[in-house]
Amino acid sequence: MDRLSTEIVREILGHVQSKPDLARLRLVQNSFAKLVNEFLFQVIHIGPAFESLCVLVEISRIPELARCVKRVVLHVDDFRDLTWIPFNKRLEEKNIQDEARKAEVFKTFQALDRELFEFQTLTDYTVMLSVAFGHLSRLEAVKLAHRYPEDETELFRRERRDLERLLSLEEFHGEDGEKDDLRAFTALIDAAYFTEKKISSFRITGKLDLSVFENTELIRRAAVVFRNCRVLELDFSPQSPFHDKDHIRKGPLFDMLSSAVHLKSLTLCGGIRQEPDVPFSKYLGDRFVWKSLNRIDILGLDMHAYEFLGFLERHKKTLRKVAIGASKLFTGRWPDIMRYMKGHLRLTSLELGAWLEDIDEEGTDYGYGERDMEMMERFVMDGGELLPEDARRYEIIS
């Protein structure tokens, strides 16, 4: 091993994907172990539990390991996977039909649920993350990843009492665990804020409860944390019973986004559907330009066509990748957006997802199907000649 240069060893280690394999390679020799540490501790996966955060804190207190950590991934376990699905399986395994016995079993699982998730409501959640972040001098990326259930067959029960039990759990967690994700988001933002970390990538693959917009102080801290971000991915829950105007008035989304002046990739998903009279500037600004923006991914943001066209016009010099889904135009048509993209943008990628809608001549919602999506993608990217409305006219004439 002494004959190999450091650069060659790093190249070899870069192809080792398994952490157990990397751990075994540390045993080769001391000098080799130091290089292996760079890969073994580059990404740290943790959960929102005391024991897991203790491991992160211990790693952060060992200087030769702490300086290897560049990314932290916080995995939030789904309450349905941990308690609700096991509760239903217990009923089936024991063939429990009696309502009193069901209630007794549920009380046991409800207590387990509180025990598993109690830590996420404590200040220690943020404190321990802050202690660790403070020692991770090279930390540059943070990700919140929600572990959704793989088996969804037991998520819903038809009996009224069972549904009531599920709703009692959702009061604490949210329908899709969005309240748990918000607690994790808050802890991550506060830890990064109080330790003044320069985070370049902040991603969420869970769903934030929309009550995040009620907390103006959290919005302010998030804006500070996002200041150095080049990659931002935020996913909001569509399940929260929240009035659009209220959350806009209390905490505009744009207040968090506009500080990220170096942004290259922006993903916004779910639950932020605006009404026609809510200013678009509250979401993405009406004049603001991210001078390096290369990719925009939107899922669940309704708008007027002229507003989105204005956004595309302001970013046409840098924008190369666009993805849109589950969004509606209050005025204008999606084919008009496609014509603009083809004529003014130099895109290398266009992805159109399900449930694109606009309002047709009769004033009713028109939804674009899979064939329409493919036609619009071909029109913009591959020299296609027809858009959905052109195709419909052609079919009528034929």
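Residues numbered from 1 in each chain as written. Predicted model: local features only at pLDDT ≥ 70, side-chain atom pairs only at ≥ 80, totals over all residues. Heavy atoms only, no water.

A.B. asks: Describe the sheet that holds strand β12 (residues 365-367), and please don't skip the residues or the numbers.
C.D. replies: The strand order across the open sheet formed by 3 strands is β9-β11-β12, and the pairing between neighbours is mixed. Looking along the sheet, the strands with just one partner apiece sit at the ends: β9 (328-329) and β12. Here strand β11 (residues 357-359) pairs with β12 via 3 bridges, running antiparallel. The residue of β12 that forms the bridge with Ile359 is Asp365. (Pairing = 2+ DSSP bridges. Helix = DSSP H or I, 4+ residues; strand = E, 2+ residues; numbered from the N terminus.)

A.B. asks: An account of the pairing of strand β4 (residues 201-204) is needed here, citing residue identities and associated values.
C.D. replies: Bridge count between strand β3 (residues 141-147) and β4: 4 bridges; the pairing is parallel. Each bridged residue has a counterpart across the sheet, and for Leu144 the counterpart in β4 is Ile204. As judged from the 3 bridges shared by β4 and strand β5 (residues 231-235), these two strands associate in the parallel manner. Paired with Ser201 across the strands is Val231, a residue of β5.

A.B. asks: Account for the pattern of salt bridges, with residues named and values stated.
C.D. replies: Evaluation of the coordinates by the stated rule reveals 19 salt bridges. A salt bridge links Asp113 to Arg114; the shortest N-O distance between them is 2.8 Å. Since its relative accessible area comes to 33%, Arg114 is described here as partly exposed. When the shortest N-O distance is used, the salt bridge between Glu233 and Arg203 registers 2.9 Å. Placement of Glu233 in strand β5 and of Arg203 in strand β4 is noted, with a sequence separation of 30 residues between them. Each of Asp190, Glu217, Arg220 and Arg221 takes part in a single network of salt bridges with overlapping partners. (Salt bridge = Lys/Arg side-chain N within 4 Å of Asp/Glu carboxyl O. Buried < 20%, exposed > 50% of the residue type's maximum accessible area, 1.4 Å probe, protein only.)

A.B. asks: Please give an account of the pairing of β5 that cites residues and values.
C.D. replies: For β5, the tally of buried residues reaches 4 of 5 residues, placing the bulk of the element in the interior. The pairing of β5 with strand β6 (residues 265-269) spans 5 bridges and is parallel. Along β6, the bridge assignment pairs Leu234 with Leu268.

A.B. asks: Residues and numbers for the side chain of Asp209, please.
C.D. replies: Its location among the elements puts Asp209 in the loop between β4 and α11 (216-225). At 5.4 Å, Lys179 is the nearest oppositely charged side chain to Asp209, a buried residue that forms no salt bridge. (Lys, Arg positive; Asp, Glu negative; His and termini not counted.)

A.B. asks: If you had to explain the sheet that holds strand β8 (residues 321-325) to someone new, which residues and values would you point to?
C.D. replies: Across the sheet, which stays open at both edges, the 9 strands sit in the order β1-β2-β3-β4-β5-β6-β7-β8-β10 with parallel pairing between neighbours. Two strands bound the open sheet, and with one partner strand each, they are β1 (43-46) and β10 (349-352). Neighbour to neighbour, the strand axes of the sheet diverge by 10 degrees on average, direction disregarded. In the sheet, strand β7 (residues 295-299) pairs with β8 via 5 bridges, with the strands oriented parallel. Pairing of Asp297 across the sheet is with Ala323, part of β8. (Axes fitted to C-alpha atoms, helices over the stretch in contact; angles between N-to-C directions.)

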